[in-house]
Amino acid sequence: MKLVPRDPFFNYLPHFKDINRFFNVELDDEDSTVATSSWSPAVDIAEHSDHFLIEADVPGVDPKDIEVSMENGVISLKGERDNEIKEEKEGYTRVERSHGSFYRRFSLPETADSENISAKSSKGVLKITVGKKETAKPKKITVSVQQ
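## Some points on the sheet that holds strand E9 (residues 112-122)
A sheet is described by the order of its strands in space; here four strands give the open sequence E2-E3-E10-E9, paired in antiparallel fashion. Sheet topology places strand E2 (43-47) and E9 at the edges, where each strand pairs with a single neighbour. Within the sheet, the average angular offset between the axes of one strand and its neighbour, ignoring direction, is 15°.

And the structure:
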């Protein structure tokens, strides 16, 4: 499986966006090869003998608000988490959980079967299973003993 490098400053992205917004600096967010958004679900990708498994933490996101698509070996996850209820008390507001839309994209190897994909959501975890093409599955060869 092809590994995609992760930007070490990714966790600071929301802070950079806030600073740029404060100074009215517009940034181009079209480069979405790994991740773009004000918040982004944590994702694990595992390769098994017959499939790839992508697990994304999406607590508070309604499964009907998640879109999964695959095109040209790139799987995309889009979704949105609604605004949290704000607690207002004695003149201040406190909101700690992130909300808004997210967009993640991952390149899968050529062995991924775009016709064999399923997605399920349970307890805030989105599980996407991408099958492997038949030619990619390992074939066990028996070694015979010669006399």
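What follows continues from the structure just given.
## Notes on the environment of Asp50
Here Asp50 lies in the loop between E2 and strand E3 (51-57). The class for Asp50 is partly exposed, based on a relative accessible area of 38%. Between the C-alpha atom of Asp50 and that of Gly131, which follows or precedes it by 81 residues, the distance is 6.2 Å. One polar contact links Asp50 to His51, side chain to side chain, over a distance of 2.7 Å.

## Topic: the pattern of salt bridges
Here the structure, examined in full by the defined rule, presents four salt bridges. Ionic pairing is found between Lys127 and Glu55, a salt bridge with its closest N-O pair at 3.6 Å. You can see Lys127 sitting in strand E10 (residues 125-132) and its partner Glu55 sitting in strand E3, a full 72 residues away along the chain. For Lys127, a relative accessible area of 41% translates into the label partly exposed. Measuring nitrogen to oxygen at the nearest pair gives 3.9 Å for the salt bridge that ties Lys64 to Asp65. One salt-bridge network, held together by shared partners, links Asp62, Lys64 and Asp65.

Calculation rules
- Residues numbered from 1 in each chain as written.
- Predicted model: local features only at pLDDT ≥ 70, side-chain atom pairs only at ≥ 80, totals over all residues.
- Heavy atoms only, no water.
- Pairing = 2+ DSSP bridges.
- Helix = DSSP H or I, 4+ residues; strand = E, 2+ residues; numbered from the N terminus.
- Axes fitted to C-alpha atoms, helices over the stretch in contact; angles between N-to-C directions.
- Buried < 20%, exposed > 50% of the residue type's maximum accessible area, 1.4 Å probe, protein only.
- Polar contact = N/O pair within 3.5 Å; in protein donor to acceptor, adjacent residues only side chain to side chain.
- Salt bridge = Lys/Arg side-chain N within 4 Å of Asp/Glu carboxyl O.

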